Amino acid sequence: MADDGNVINNYHIGGGRGGAGGEGRNGAGGVGGQGMGIDILHRAATLEAVHDSADSFMEPKCHPKTRTQMLKDLRKWALDPCPKTSILWLYGPAGAGKTAIMRTLATQLHDDTRLGGCFFFKRSHVTRSNARTLFTTIAYQLALNVESLRTPISEVVEKNPLIVGLSIRTQMQQLISEPCRAHEDRQSLVIVIDGLDECDGHAFQGEILRAILDPSSNHPICFRFIIASRPEAHIREMFDSPVHSGRYHSVNVKQSFDDVRKYLCDEFSRIHREHYTMAKIPLPWPTPDILQKLVENSSGHFIYASTIIKFIDDKSYRPTERLEMVQDPNSSGSESAFDTLDQLYRTILCSATRQSQLIPILCAIVYFELGVSEIDQFFGFTEGETRLLLRGLHSVLQLWSDDRREIHSHHASFVDFLKNPDRSGNFCVGTLNRRIGLAQSLLQFYASLFQRNEIRCLSRLIDFIVSLPPSNAVAELFPLIASVNPHYIFRPAYLSNVDLASITSWLKNNPSAPTDVIQLWEDYAFMFSIEWPTEGVSVQYIVSPSPELLRILVSLGFLRLYELPTTLDLTWTDLRATLCRLGPSFVGDEHTLPVHQQQTTSPWAARDVALQLIRKMVKNHNDTNGGANPSASRDAVWMYNAYSYIHNLKEAYTQFQHGLGINISSLVRLSPPCPVLYRELWSIPPSEIWSTWVSDKLIHHVSKWLKTFPDSTTDLITFWQQAAPDPKLCHISPYNPGWITESDWRDGVRSYNDMIVRLHLPNSLKIIT
Ligand SMILES: Nc1ncnc2c1ncn2[C@@H]1O[C@H](COP(=O)(O)OP(=O)(O)OP(=O)(O)O)[C@@H](O)[C@H]1O
C-alpha cells in the first residue's frame, strides 16, 4: 500500500544501494541493499520469534470464526489513529488462547501493512525465551517492514554496532523510538509481544515492561504496543503500579463456550470425515449431550478442547474409543488423553516455590473453595502468607483482591488433575493421606478457642470427613473430632441436624471409633434437636427436670443454646450433662423413677435466672469500672469473638450488657411476685440500663410484672415507670413501640411452651400468660 513516500513495505525489500548482506546467524544471507546496520541486526535477531517464522505452522492460531469479536476489537484499537492509550495488555489464564489470538491478530495486522514487529516468547526455548534479543528483533522487522525507517535504524547500528548488546531500555530508546520519530505523523505501527511471562527471568520481564510503560520512555505517537501474558502476580503488579496508571488499557481473555463448541463441532466433523474407521458411525458424532459435556469440561478455554482433539485425532486409534476414554477419566489409559494439559499444569506447579506448603493449601482450595484469609486462619498463618504462597499460580487459580472471596481454578480440568494421582503424581491432593491431613488441619482450627471470624466451613468439613472411607488411617481424626469447640457446633447457621446425624453415623460405622466420642456426638445431636426440632428425636422417658435443667429450659425460651454457657456461667460439659438427662441414651436414676419428686416451677426458675443475670450485669459493671476497661469482662471478650461485625471490645461490652438487660426484662415478667427480685432490680447501675434503649423494655415488662403482685398499686407502677434518672430516655420510643416488645416476649413464651411439649415434659411446666 503506497500513500506517500513512507511506504509500509509489508516485508517487501526494495532494491538496495549496496550489495548483498553478510551471512546471518542462521546461515541465511543478510538483507541486501541497506549496508552493515541491517546486517548486524539480522544476525542479532531471533527470526524464530516472528509470527510467520518457518515453524509457525505448528503454533496456535484461532480456528476460523472463533474469537471474532475480540479480534475485531483489538484490531480496531490498533488501527485507531487516536486511542486513549497506546499500550494494551491482553491477559488470561494458562491455555486460555492468548497466543492463538496474538498470532491471528499479527497476521491480520501484517495484511493491513500495519504490523511494525512482533516477538513470540516461548518458555524454555533456546532463542525464543531470551529477552536480550527482543528489541533487536523488533527493530529489524521495523526496518524491513517500513521503508522510511530502514535507513535511520540501520545508521544507528552502523554508528554503534554495540547497541545490539546494550541494555533493554537503551535499545528501546536508541534503536526503536528515536529513529522512528521520523514516522511520527504517519499511520499507527503495531508492536506485538506475546508470552511475556515465558521470557526467562522475572527481572527481564520487569525491565521490558518498564522500557515500554515508563512515562519517561516517550515513544513516537504512531506506536501501539500489544503485550500478552498470563496474569502472573509480578506482571500484574507492574501494570497496577500507580506510576503506570492511565498508561495502558487491559483486556481479559474471557471464557467462550460458544467458540469452544464451534471448534469442537468442526474438528469432530473433520475427524469423522477423515478417519477410515468412522465411515459407519452415524452422525451426529458425538451426540449433542456428549458434546455439551465436553464444552462444559473445557470451562470455556481452548486448552482442554485442543488437547482432547489431538488425542482423539490420533490416526493409530479408533476415534470412538478415544472419545470414550476422554469421557471416563478413570478408564485405563485415559491419563494420556490429558498429557498436554498435565504437562502444562506440572510445569506451572514445578516452578512454584515452597511446594510442600503449597500442596495442603491446594487441597483446601480444591475441597473447600476457600478465600485467602480463610486459608490463613485455618492453617494458622500470619496474615498474607497464603497470598505469598500462591503467587506463582495466578495462571491456574483466580485470586481476588478481596481476601475473603473464594479462590477458584480457571479450568475445571486443573481440579481433576490435582485429584487424580495418576495425572498429578506428587502434586495430587486426592490421596487418602492428603485428605486426612487436611481434615486434621481444619479440625484443629475448630478445636481451638472460639475465634473472631465468620468461617462457616464446619458443615462442609463434616461432609468431607464422612466421605473418608472407614479405616485405621482415619483413627488420627477421632481425638480432634472429640475436641471440636461446641461454640462452633451450636452457633446458628453453622450446622444442621443432618450434619450431626451424618457424623454420628459415620463414627458408628467406623469400628475403631471410641465409644465416648460416639456418645459425645450423639449428645450434641440430641442437644441440637432441642433447639432445632427434628422428627424422630424425643425423650424416651418422662422425667421431672431438676431445678438446674428447668433454669436452662426457661432460658432457652429467650436465648440461643450457644449463648447459654457464657450467660449462665456454665461449662459446655455442665450444659451437656444437664440437658442430656432428657436424652434417649441417658441411663440414670431419673429414668427409672420418673416424675415423683418435688417439682420446681418455671416461674421460680425464671426468677432465679433473672437474679443471676442482674448480678452478672452488676459484676461486669464493677469489674470493668463502668465499662471503661471492657477487657476485664470475659463476657465482653466472648461477645467480641462471637460477632465479627462488632468493631471493638467497648462495643462488645455494651452489646452484651444490653442483651442481658433484654433477657432480664423478659424473665422478670415470667417470675412470680417477688420483693427480693424487685429490690435486686434497683442494684442495676443506671448507666448500664437507664441511659439506653433497653430501658423501654425493662419499664414495660416490670410494669406488667408489678401488676401481678397481690398488693399491686398504681403508685408502685408509676414510681417504677418514673424511676429512670433521665425520664426523657425512658419513654417508649417510636422505634421500639410496646407492641414489638410484647410480641417478642410472647414469641419467647411460645417457643418455651413448644419445647416443653416436644420434650414430653409435664404440662405443668408450661408458662400460662
Ligand atoms: N481460537 C482458537 N481456536 C482453536 N484453537 C485454539 C484457539 N485458541 C487456543 N487454541 C488452542 O488451545 C491451546 C492453548 O492456546 P494458547 O497457547 O493460545 O493459550 P495461551 O493462553 O497462550 O496459553 P499459555 O498461557 O500457556 O501460553 C493451543 O493448543 C491452541 O492451539
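In the block above lies the structure referred to throughout.
Worth saying up front: this structure is predicted, and the values here are computed from it rather than measured.

Draft legend 1. Representation of the sheet that holds strand β4 (residues 223-229) within the structure. Taken in spatial order, the five strands of this open sheet run β2-β3-β4-β1-β5, and their pairing is parallel. A single partner strand is all that each edge strand has here, and the edge strands are β2 (115-120) and β5 (248-252). Looking at each pair of strands side by side, their axes are set apart by 15° on average, direction ignored. Direction of pairing for strand β1 (residues 87-91) relative to β4: parallel, over a ladder of five bridges. Each residue of the ladder has a partner; that of L88, found in β4, is I226. Those strands touched by helix α8 (residues 233-240) are β1, β4 and β5, and its axis lies near 150° from that of β1.

Draft legend 2. Examining the side chain of N420 more closely. Counting through the fold element by element, N420 comes out in the loop between α17 (412-419) and α18 (421-424). Among the polar contacts made by the side chain of N420, one reaches the main-chain amide nitrogen of D422 at a distance of 2.9 Å.

Draft legend 3. The site of the ligand, seen in detail. Around the ligand lies a shell of 22 residues, among which H63, G95, K98, T99 and R230 are the nearest. Note that an oxygen atom of the ligand is positioned 2.7 Å from one of the side-chain N or O atoms of R230. Between S306 and the ligand, the recorded distance is 3.1 Å, taken from a side-chain N or O atom to an oxygen atom. Here the ligand, which alone exposes 620 Å², has 88% of that area covered by the protein. Grouping the constituent residues of the shell around the ligand by class yields ten nonpolar, six polar and six charged. Both domains that meet at the shell around the ligand, namely domain 1 (35-252) and domain 2 (257-327), each give it at least three residues.

Draft legend 4. Examining helix α2 (residues 68-79) more closely. The terminal C-alpha atoms of α2 lie 16 Å apart, and with twelve residues this matches the ideal 16 Å at 1.5 Å per residue to within 8%. Of all the residues in α2, the buried ones are M70, L71, L74, W77 and A78. Along α2, the residues classed as buried sweep out an arc of 130° about the axis, all on the same side. Opposite the buried face of α2, at more than 90 degrees from it, the exposed residues are K72 and K76. Close packing links the buried residues of α2 with β1, α3 (98-111), β3 (189-194), β4 and β5.

Draft legend 5. Layout of the side chain of S129. Take S129: it is sitting in the loop between β2 and α4 (134-145). Of note is the side chain of S129, whose polar atom sits 2.6 Å from the backbone oxygen of H125. Not counting the four nearest positions on each side in its chain, S129 is found in contact with F121, K122, S124, E198, C199 and D200.

Draft legend 6. Examining the pattern of salt bridges more closely. Here the structure, examined in full by the defined rule, presents 33 salt bridges. Linking E742 and R669 is a salt bridge whose minimum nitrogen-to-oxygen distance equals 2.8 Å. Note that E742 is positioned in helix α36 (residues 738-758) and R669 in helix α31 (residues 649-670), a separation of 73 residues in sequence. Each member of the pair, E742 together with R669, is buried. Of the charged contacts, one joins R750 and D747 as a salt bridge, the two residues approaching to 3.1 Å between their closest N and O atoms. Note that R750 and D747 are positioned in helix α36 at a spacing of three residues, about one turn of the helix. Overall, D747 belongs to the partly exposed group, its relative accessible area being 40%. Bridged by salt links that share partners, the residues E267, R270, E274, D313 and K315 form one connected network.

Draft legend 7. Spotlight on the nonpolar core. L264, I481, W521 and L681 are the most contacted members of the largest nonpolar core, which has 160 residues in total. Among all residues touching I481, those that are not within four sequence positions of it are L443, I465, I503, W506, L507, V517 and W521. Judged by nonpolar contacts, the second largest core, of 47 residues, contains I87, F119, L144 and I153.

Draft legend 8. Geometry of unusual backbone geometry. Following L283, the chain continues to P284 via a peptide bond in cis, the omega torsion being -5°. Relative to the assigned elements, P284 resides in the loop between α9 (257-274) and α10 (288-297). W285 connects to P286 through a cis peptide bond whose omega is -5°. In this fold, P286 is placed in the loop between α9 and α10. A positive phi is found at N625, a non-glycine position, where the angle reads about 55°. With respect to the helices, strands and loops of the structure, N625 is situated in the loop between α29 (602-623) and α30 (634-642).

Rules of the game
Residues numbered from 1 in each chain as written. Predicted model: local features only at pLDDT ≥ 70, side-chain atom pairs only at ≥ 80, totals over all residues. Heavy atoms only, no water. Pairing = 2+ DSSP bridges. Helix = DSSP H or I, 4+ residues; strand = E, 2+ residues; numbered from the N terminus. Axes fitted to C-alpha atoms, helices over the stretch in contact; angles between N-to-C directions. Contact = heavy atoms within 4.5 Å. Polar contact = N/O pair within 3.5 Å; in protein donor to acceptor, adjacent residues only side chain to side chain. Near = heavy atom within 4 Å. Areas by Shrake-Rupley, 256 points an atom, 1.4 Å probe, with all protein chains shown as cover. Nonpolar A, V, L, I, M, F, W, Y, C, P; charged D, E, K, R; others polar. Domains from an automatic or database assignment. Expected span 1.5 Å × (residues − 1). Buried < 20%, exposed > 50% of the residue type's maximum accessible area, 1.4 Å probe, protein only. Arc of directions from axis to C-beta. Salt bridge = Lys/Arg side-chain N within 4 Å of Asp/Glu carboxyl O. Core = buried A, V, L, I, M, F, W, Y, C linked by side-chain atoms within 4.5 Å.

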